[in-house]
Amino acid sequence: MHETPPNPESENTPGRVADSIDGNWVDRHAPPWTRPYLRLSRADRPIGSWLLLLPCWWSLPLAIMTTSTASILGTLWIALACAIGAILMRGAGCSWNDFADRKLDAEVRRTRSRPLPSGQITPIHALIWMVIQALLAFALLLTFKPFAIGLGIAALIPVAFYPFAKRVSWWPQIFLGIAFNWGALLAWAAIAGKISPGALLLYATGIFWTLFYDTIYAHQDREDDGLIGIRSTARLLGTHTKFWLAGFAVAAVLLMVMAITIALIPHTDLKVVLIALGGAIVFGIHLTWQLVKLDISNPDNCLMLFRANRDAGLLPVVFFAVAALVA
């Protein structure tokens, strides 16, 4: 079995979480009393905030091109609010997840250094911190249109259930996808005041993308999860993982192509549609690169490729934004 070599920085940084980024700002610069809370929110591991935010930013430029009521300042505010909200809700969700999983996390090498199982923070303080973050995110949500506010509140349902999915299903990544890609619906509704078929297709795109990247992520813990009875697509798919990941990637790209064409063809010209479709193409190329590089027996490789999905998700954002500017 592959062993991650000891990290000298980890040994010299009290309370550092095992899979945090070397030299992260929390361990280097945050006041010591804030570090357990910031680690609980994964501020030292920002990839999750990106993965929560990017479906929002997919939706924004496409939704803008389907409505004539969007203003520049209003759109910029929604983009910024989605970014801040993604950080806050990712932090609140992680606080809830780690509260629910604190005993299980203590049994897994990669997670036993997290603030709750390692004793850096108490369960009641974790819940208080969760509520603070959720209330701040709710304050941002109140600046959106009424339908979007309702959608944002409804997002709490899958977030609340997700930590328990791994106990009852071999497909907890689906439940994560349902929760993590809600922003594709929310951002669209914040612009257009409603949900369109294009938004639903983008949401489905994100769910298959989550199946792709989180199955890679779950392979880090496959053996420990087996010992304590935690279910995941990594354990379920095993040596057939690459075949299934290829299917998830194809589904994600095809759904993104459908979302673009269905959303844009009635509202803009072919040039704009083709630019936006370029985003789906480069997204697919990046996922293919990940498949080629993947070694499911190497946790470091799995973590590296999981983190690479920030770039995979940003590529469509760039193409969609250019298309919106050209339109």
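Residues numbered from 1 in each chain as written. Predicted model: local features only at pLDDT ≥ 70, side-chain atom pairs only at ≥ 80, totals over all residues. Heavy atoms only, no water.

1. Points about the overall build of the chain
Along the backbone of the chain there are 18 helices and zero strands. Here the chain has a C-alpha radius of gyration of 20 Å; the compact-globule value for 327 residues is 20 Å, and the two agree. The principal-axis extents of the C-alpha atoms in the chain amount to approximately 55 × 45 × 35 Å. Counting over 327 residues, the chain shows a buried share of 52%. On the chain, roughly 14500 Å² of surface is accessible, and the fraction owed to carbon and sulfur atoms is 71%. (Helix = DSSP H or I, 4+ residues; strand = E, 2+ residues; numbered from the N terminus. Rg over C-alpha atoms; globule rule 2.2 N^0.38 Å. Buried < 20%, exposed > 50% of the residue type's maximum accessible area, 1.4 Å probe, protein only. Areas by Shrake-Rupley, 256 points an atom, 1.4 Å probe, with all protein chains shown as cover.)

2. Some words on helix α11 (residues 182-192)
Structurally, the α-helix is built with 3.6 residues per turn, so residues lying three or four positions apart point the same way. Most of α11 is tucked away, with 10 of its 11 residues classed as buried. W182, G183, A184, L185, L186, A187, W188, A189, A190 and I191 are the residues of α11 that are buried.

3. Overview of the confidence of the model for the chain
Across the chain, the average pLDDT comes to 93, with 96% of residues at 70 or higher. Scored below 50 in pLDDT, residues 1-11 shows 17 contacts in the model against residues more than four places distant or in partner chains. (pLDDT = per-residue confidence, 0-100. Contact = heavy atoms within 4.5 Å.)

4. Points about the pattern of salt bridges
In this structure the tally under the stated criterion is 14 salt bridges. Between R114 and D98 there is a salt bridge; the shortest N-O distance is 3.5 Å. Of this pair, R114 sits in the loop between α6 (102-105) and α7 (123-141) while D98 sits in helix α5 (residues 72-100), and the two are 16 residues apart along the sequence. Both residues of the pair, R114 and D98, belong to the buried class. Residue R109 is joined to D224 by a salt bridge in which the shortest nitrogen-to-oxygen separation is 3.8 Å. One end of the pair, R109, is in the loop between α6 and α7; the other, D224, is in helix α13 (residues 222-228), with 115 residues separating them in the sequence. Overall, the relative accessible area of 36% leaves R109 in the partly exposed class. Taking relative accessible area as the criterion, D224 reaches 14% and is therefore assigned buried. Salt bridges linked by common partners bring D19, D44, R45, R110 and D221 together as one network. (Salt bridge = Lys/Arg side-chain N within 4 Å of Asp/Glu carboxyl O.)

5. Quick word on the packing of helix α4 (residues 47-64) against helix α18 (residues 309-326)
At a closest axis distance of 9 Å, the pairing of α4 and α18 adopts a crossing angle of 20 degrees. Accordingly, the angle class assigned to the pair α4 and α18 is roughly parallel. As α4 runs across α18, the sense of the crossing is left-handed. Facing I47, W50, L51, L54, W57, W58, P61 and L62 of α4, the residues of α18 in contact are N309, R310, G313, L314, P316, V317, F320, A321 and A324. Each residue belonging to the contact of α4 with α18 can be placed in one class, and the counts come to 14 nonpolar, two polar and one charged. (Axes fitted to C-alpha atoms, helices over the stretch in contact; angles between N-to-C directions. Parallel < 35°, antiparallel > 145°, perpendicular 65-115°, else oblique. Left-handed = near helix turned anticlockwise from the far one by under 90°. Nonpolar A, V, L, I, M, F, W, Y, C, P; charged D, E, K, R; others polar.)

6. Focus on the nonpolar core
Residues F144, F212, I260 and F283 are the most contacted members of the largest nonpolar core, which totals 75 residues. Beyond its immediate chain neighbours, meaning those up to four positions away, I260 contacts L62, I265, V273, A276, L277, A280 and F320. Counting residues in each nonpolar core, the second largest holds five residues, with L40, L116, I121 and A126 among its members. (Core = buried A, V, L, I, M, F, W, Y, C linked by side-chain atoms within 4.5 Å.)

7. Structural notes on a nonpolar patch on the surface
A cluster of nonpolar residues, I124, I128, I132 and L136, forms a patch on the protein surface that exposes about 360 Å² of accessible area. For I128, a relative accessible area of 44% puts it in the partly exposed group. (Patch = residues over 30% accessible without salt bridge, like charges linked within 9 Å, V, L, I, M, F, W, Y side chains within 5 Å.)

8. Brief notes about the side chain of R16
Mapping R16 onto the fold places it in the loop between α1 (8-12) and α2 (25-29). A polar side-chain atom of R16 sits 2.9 Å from a polar atom in the side chain of S20. Of note is the side chain of R16, whose polar atom sits 2.6 Å from the side chain of D22. (Polar contact = N/O pair within 3.5 Å; in protein donor to acceptor, adjacent residues only side chain to side chain.)

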